[in-house]
Amino acid sequence: MKIIFKEMMLLLITTFVVLTISLLVQISTSESLPRVESDFRKAAPRTVEDLTQQSITRDYGFAWERLDRALSSNSPWLLEAYFVGPAKVRLANAIAGQESSGMQSHYLNQNHKLEAVFYSPEGDVMELHDTAQYDLQLVADGKHIQDEHVVLHYVVLMTPAADRWVVRQMQAVPQF
Amino acid sequence: MWSLINTVLPSSSVLRTLFPLFGLAVCLTKASLAQVEVPRAPATVVAGSSFSVFTPGSGKATFYLVGPGHSSKQQIALGQDVHIKSDETASAGRYLAVVCTETCQSASFYVTPADPAALTFLVHPSRVPVQEENAISGAVFLFDRFHNLVLSPATINFTLTTDGRDLFSRSMPSNNGVAWLRVGSGRAAGTAQLMASIGDLKVRRVVRQVASSPCNLRIKAQRAKNNIVVETDPVRDCSGNTVPDGTIVTFTRTDVDGKSTVDVPIKQGVARAQMTPSAGAVISVASGVVMGNPISIGERP
């Protein structure tokens, strides 16, 4: 009887440790910044300046990090800093819909390959193609209803704001 | 995995018996649950159009539609079409139709932009000197009525007009939803309109063409009581346009004592300054990089 009790305790402890580790891994992944690789060689007609390249890469990553946080916690105010115009309106609508239907979305393990395809002559708008990979989890009423690894193509318009570049348009397409 | 379990639980005859039984129980439970089938959605749908998603099977289920600007949930009866309204797919992008009973199945589809219905036309600058090459730039983005970027190629017509006359006209195909051009400014100062159009859609932007730098600056001097009044002829650019008031003209007097300068804005087309006379002085004029004729001042007889 003693041996069985000991074995059961061991089993419980092992289960607890495994669950805790997996939970920690998930939390650390969802809170880490998306990985963004960028290529500005095809940008035309204007050449993208070095500092602008750095800003775009950094701010696009921040935008996706905010998008994940906003949609996983149904907090539209998190969109404020990096989304404007139609992109912000759409994401806010999606959050409102999620909230009313008891849903959340998680965008985990994000990797983005960003390629600039158009940079306006006066530098006031840039069009980018993003090949994004991430694990999409949809949760409804506490239950996972979708869990998939996706590779998606996004057409993105970014415009400069006071101290950063912001996402104005973000549209998934079947292919570029 | 088994080696790990064996290491953690050595000689556990009870658990060795329990594990397979537990596994069998889990399998049986899973197998006994109703398996929902994959919903059937069209591969692509045009934004703002209504359509149906077929959900095979029988019984009740929950249907979720998740897209870029939309998330909704509804209870449905399997084996029937779920009608998706036009306003639920206004935003272009990837959508997921998820059907859940005890388990869930999903189908993805893309909503593509509708026909172009709006043009966003960015033109720079708003004020440009005449006769400058590639001085005006314009970029047009095509959007449908839901503000989705229209990515299929379309021909955009650009026209630059001034006083009702076409200065320039060109058709360009859009690429990735955008078309752009650079064009030189016209010869005459005044209002120019750069127009972008596709079918009946037209967008105009006004560009103010102003005189370029002064050309052929000429001055004349006239003695007054105690000084000399120096005045330019009407200041014009090389195309004959009057240089706008406020443009600075610099008069410089050079004599044995050195140089003195006066900066004067053009008023009503001319620049005027008063200078103290001195024997042997030379007065010259300049505006920007353009210099005018120098005048030598002799001593009063």
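Structure: above.
Remember, it's a predicted structure, so these values are computed and weren't measured experimentally.

Trainee: Even after reading the chapter, I still don't get the sheet that holds strand β2 (residues 103-119) of chain A, so can you show me in this structure?
Mentor: To summarise the sheet geometry, strands pair through backbone hydrogen bonds and adopt either a parallel or an antiparallel arrangement. Residue and element names in this part refer to chain A. The strand order across the open sheet formed by five strands is β1-β2-β3-β4-β5, and the pairing between neighbours is mixed. Lying at the two open borders of the sheet, with one neighbouring strand each, are β1 (35-39) and β5 (165-173). Between one strand axis and the next, the sheet turns through 25° on average, direction left out of account. Sheet topology places β2 next to strand β3 (residues 126-140); 14 bridges connect them, and they run antiparallel. Each bridged residue has a counterpart across the sheet, and for Ser105 the counterpart in β3 is Leu138. In this fold helix α2 (residues 50-73) packs onto β1, β2, β3, β4 (143-160) and β5, with an angle of close to 160° to the strand it touches most, β2. Of the strands in this sheet, β2 and β5 touch helix α3 (residues 85-100), which is tilted by about 65° from β5.

Trainee: For this particular structure, what's the right way to read the side chain of Thr161(B)?
Mentor: Mapping Thr161(B) onto the fold places it in strand β11 (residues 155-162). Not counting the four nearest positions on each side in its chain, Thr161(B) is found in contact with Asp166(B), Leu167(B), Thr191(B), Ala192(B) and Gln193(B).

Trainee: Looking at this model, I keep getting lost on the interface of chain A and chain B. Mind explaining?
Mentor: It is common to give the size of an interface as the accessible area lost on bringing the parts into contact. Each partner contributes to the interface: chain A provides 41 residues, whereas chain B provides 45 residues. Here chain A and chain B share an interface that buries about 3,400 Å² over both sides, 64% of which is from carbon and sulfur atoms. Three residues stand out in chain A for area buried against chain B, namely Glu7(A), Arg90(A) and Gln171(A), and they jointly supply 17% of the buried area on that side. Our enumeration of links across chain A and chain B arrives at two salt bridges. For Lys73(B), the salt bridge goes to Asp141(A), with nearest N and O atoms at 2.9 Å. Where chain A meets chain B, there are 14 residue pairs in polar contact (both at pLDDT 80 or more).

Quick notes on the rules
- Numbering of residues begins from 1 in every chain and follows the order in which that chain's sequence is written.
- Written order determines the labels here, with chains lettered from A and ligands numbered from 1.
- Per-residue local features are limited, in this predicted model, to residues with pLDDT of at least 70; the limit for side-chain atom pairs, both in listing and counting, is 80 or more; totals at the level of whole chains, interfaces and linings are taken over all residues.
- Side-chain metrics in this entry use all non-hydrogen atoms of the structure; hydrogen atoms and water are not considered.
- DSSP-based pairing: two strands are paired if at least 2 bridges between them are found.
- Strands here are runs of E lasting at least two residues and helices are runs of H or I lasting at least four, both read from the DSSP assignment and numbered beginning at the N terminus.
- Axis lines are fitted to C-alpha atoms, over the contacting stretch for helices. Their N-to-C directions set the angle, which ranges from 0 to 180 degrees.
- Should any heavy atoms of two residues lie within 4.5 Å, those residues are considered in contact.
- Defined in terms of a 1.4 Å probe, buried area is the accessible area two parts forfeit on being brought together, summed over both.
- For this analysis, a salt bridge means a side-chain nitrogen from Lys or Arg found within 4 Å of a carboxyl oxygen belonging to Asp or Glu.
- Whenever a nitrogen or oxygen atom comes within 3.5 Å of another N or O atom, the pair is scored as a polar contact, on the condition that within protein one atom can donate a hydrogen and the other can accept it, and that pairs from neighbouring residues in sequence are kept only if both atoms are in side chains.

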